[in-house]
Amino acid sequence: MTTLARKIISLNGDDWKLGGVPLGNDPWLADPREIGAIGQWHQATVPGNIRLDLMRAGIIEDPFYGLNNQASQWVDTCNWWYLKDFPLEIAPGERAHLVLHGVDYVSWVYFNGHPLGQHEGMFSPQVYEITPFLKAQNHLDVRILGSDALRGPRPTLGQRWRLWLEQRFSEPVRRYPGRLHTVKCQMSFGWDFAPPLRTMGIWDDAEVIISGPVFIRHLFARPVVHDDNQAAVHVSLTLDAATETPAEVAFTLAGLTFEHQPRTHRHTVALAPGVQELDFTLNVPHPRLWWSWDRGRPDLYLLTAEVRVAGQVSDVVSERVGLRTVTMSPNPGAPSDAAPWTFTINGQTVFARGANWVPVDSLPGRATVDDYRKLLDLARQANMNMLRVWGGGLREKRAFYDLCDELGIMVWQEFPFACAFFTQYPADEDFLRLAAAESRAIVETLRNHPSVVFWCGGNEFAPQRHRPLLDALARVTNEADGSRPFHPVSPSFGDSHFWAVWHGQAHFSEYTRDQALLASEFGLQAPPAVESLRNFIPPRQLWPPGQAWTYHHAEWGKLRRYAAIFNPADDLDSFVAASQRAQAWGLKVAIEHHRRRKYHCSGVLVWQFNEPWPAICWSLVDYYRQPKPAYEVIQQLYNPLLVSLAYPLVLYRAGGTFDAEVWLINDWPRPLPGCRVEIELHGAEGVCQRWETEMDVPADSAQIIGHLVWKLPGGTCWQVQVRVVQQGRVISTNSYDLTAYDPHPTPRSGRFWAWVASKLMGA
Ligand code: BMA
């Protein structure tokens, strides 16, 4: 007896061919005869990106170097054809499905000359049954629309006026009018940290799945945790049956990160021909729960679903499952119209310490597991427990979420909508249908990952002006998931994007005025290390800084203003060092402020963790994966246990007074008995003041534990060193540089800017 089971034939690799043809009069009209007009073919790689293939072929230069990107914009004025030949044989009774997990952005797919479909959207997988068209040697064509054709309908007079305003005042989002009409990575149209690179390509995996007569389309496991002793997994299984047939469905739940006797649950079902959804409940006694790494272990199960027809395995799918619940609890003292902002995992409140995540590459096709691993390891080592996958970017590839599941890093996932200040996303039926379809695909792709704890409609647009879009997104998350909170847009109803510092050019102490219930964005630009700059700024433009700096997003006025705190000399090294110190200092002020406000503020997410191309921007880790000095500081400040000093940010002088409240913040879920907190003031002559206390630190807490009033000795340079020692081991450190730098050499209030921004975002 033969056993038919799932076989996956990967179509990834560098044996594809690629050719381009100018857009012509009606690029939306696909005709395979277009292939005949292609003069030159190139080798192509999947997953990948058309510009990468052209780069390898020597047709364009690396768009990430200097101003090169400008010269590759012609690539968008062609339609592109990807071709691949491959052998495939299936046994009688087997079925084959072609699955394209992500094609960017409008595509037409032909298999052995048969049109399989036309598709708009880069996030939804395309699944086509190819059984009837199979031959021993097969030919696949994927046509991709040239991005230059992605223009919205002709704007009305009112829309044109708002577009003009947007272009005038909102540099990052201005480049192409078609952006708001697409559900394509919004950043690819050009942003204030990303180049205009309206990517095209097969950017995620491509494969053929071979199954028996019943094909598993989706396996969705929704956990319910009753208490420490009892949990359940609600499983919904979407099956596609070739004919009406009885079948046997078996689920096996095994421990993946721990030893656990696997349990198998069997059911007999009657299937109708076509696609159908079946629901089951698996009880899990004595569950091992999934926690963020700082609250417990991120334990995972492996759920396998097997479907048998006439005793033979027809299809098998495995998904990782984490048992955990997510709810949001209100913040104490919050205004009555605020949303609840405290992440509550398995009934325990968790303070979010993290950053905003943007795509790892502006050519996302080349992002590999290894890229994700390096960056996520850095996030974990920086003691982050949450990343906000920002709405101007992507739903990342599967590896990103797998790694977050394993590392115990929570993910706040946004849908791909961002920054509509004067203008707005369309509200017509066609657009809403597209937005809902792509967002549903995102939910279906990510919903099994325990790390994903929050759906958010997107970044920076007024909720009032986007009711139809937000209603559609709320509906989608409820129907396709229903196990996680949905929040309309960030910022709204209590979280803050605090840009009075940096965009408003206010001084750092302004951060301490932010009363956010969750601080979801704030940041400062800093150049990467000089060695990194040399990789993408041509030598003659390094110093004095040339045009390439601005093209890679350096905002000179603001960079100079904040770097001035440290009086840099007029040379590259000195300027880079001063900017990096300013970034680290500003972030320190904000982070400590919000951690001291624990649960009045329930989280702190720095803008931004990474960057998608080599840039001078707000990132903590540059494109080459080199952390900036701010990263090291954050690693210390995100220690779940932190001693923080609250003191006035002024220019200190010898003989002056340093007056500070001493705070102790503990994000661990357990009390820490027998801790000694030691604080020392170091001056020119060594230690000149010392304070210490012994205490038991309560679990999950923030409290004032002392008050320092110290006279500063002679000199201009004082350092405060803080440590917490438990059983002879240093478990937390912090430090403050009180050197006589004026923290506000050129003050501006920044409040007017903050007010305008809040009006535009409808907050
Ligand atoms: C934020 C983000 C981005 C932007 C960043 C820096 O508000 O949401 O749109 O890149 O500011 O300006």
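Read on for a plain summary of the structure. (Residues numbered from 1 in each chain as written. Predicted model: local features only at pLDDT ≥ 70, side-chain atom pairs only at ≥ 80, totals over all residues. Heavy atoms only, no water.)

As for helix H6 (residues 467-480)
- In a regular helix each residue adds 1.5 Å, so 14 residues correspond to 20 Å; H6 covers 20 Å between its end C-alpha atoms and thus fits that length.
- Within H6 the residues assigned to the buried category are Leu469, Leu470, Ala472, Leu473, Val476, Thr477 and Ala480. Take H6 and look down its axis: the buried residues cluster within an arc of 155°, on one side only. Facing away from the buried side of H6, by more than 90 degrees, are the exposed residues Asn478 and Glu479.
- Within two residues after H6, Gly482 carries a phi angle of roughly 80°, on the positive side. (Helix = DSSP H or I, 4+ residues; strand = E, 2+ residues; numbered from the N terminus. Expected span 1.5 Å × (residues − 1). Buried < 20%, exposed > 50% of the residue type's maximum accessible area, 1.4 Å probe, protein only. Arc of directions from axis to C-beta.)

Considerations on the pairing of strand S4 (residues 78-87)
- Of all 10 residues in S4, eight are buried, a share of seventy percent or more.
- In this sheet, S4 lies alongside strand S2 (residues 13-22) in antiparallel orientation, the contact comprising six bridges. In the strand pairing of S4, Gly20 is matched with Trp80.
- Summarising the sheet, S4 and strand S10 (residues 137-144) pair through eight bridges and their orientation is antiparallel. Opposite Lys84, over in S10, you have Leu140 as the bridge partner. (Pairing = 2+ DSSP bridges.)

Topic: the site of the ligand
- The environment of the ligand is formed by Trp191, Asp192, Phe193, Trp390, Cys419, Asn459, Glu460, Trp499, His503, Glu521, Trp607 and Trp618.
- Contact between the ligand and His503: an oxygen atom at 2.8 Å from a side-chain N or O atom of the residue.
- For the ligand, whose accessible area on its own is 300 Å², the fraction buried by protein is 95%.
- Looking at the shell around the ligand residue by residue, the classes come out as seven nonpolar, two polar and three charged.
- Both domain 1 (7-150 + 182-208) and domain 3 (349-637) contribute no fewer than three residues apiece to the shell around the ligand. (Near = heavy atom within 4 Å. Polar contact = N/O pair within 3.5 Å; in protein donor to acceptor, adjacent residues only side chain to side chain. Areas by Shrake-Rupley, 256 points an atom, 1.4 Å probe, with all protein chains shown as cover. Nonpolar A, V, L, I, M, F, W, Y, C, P; charged D, E, K, R; others polar. Domains from an automatic or database assignment.)

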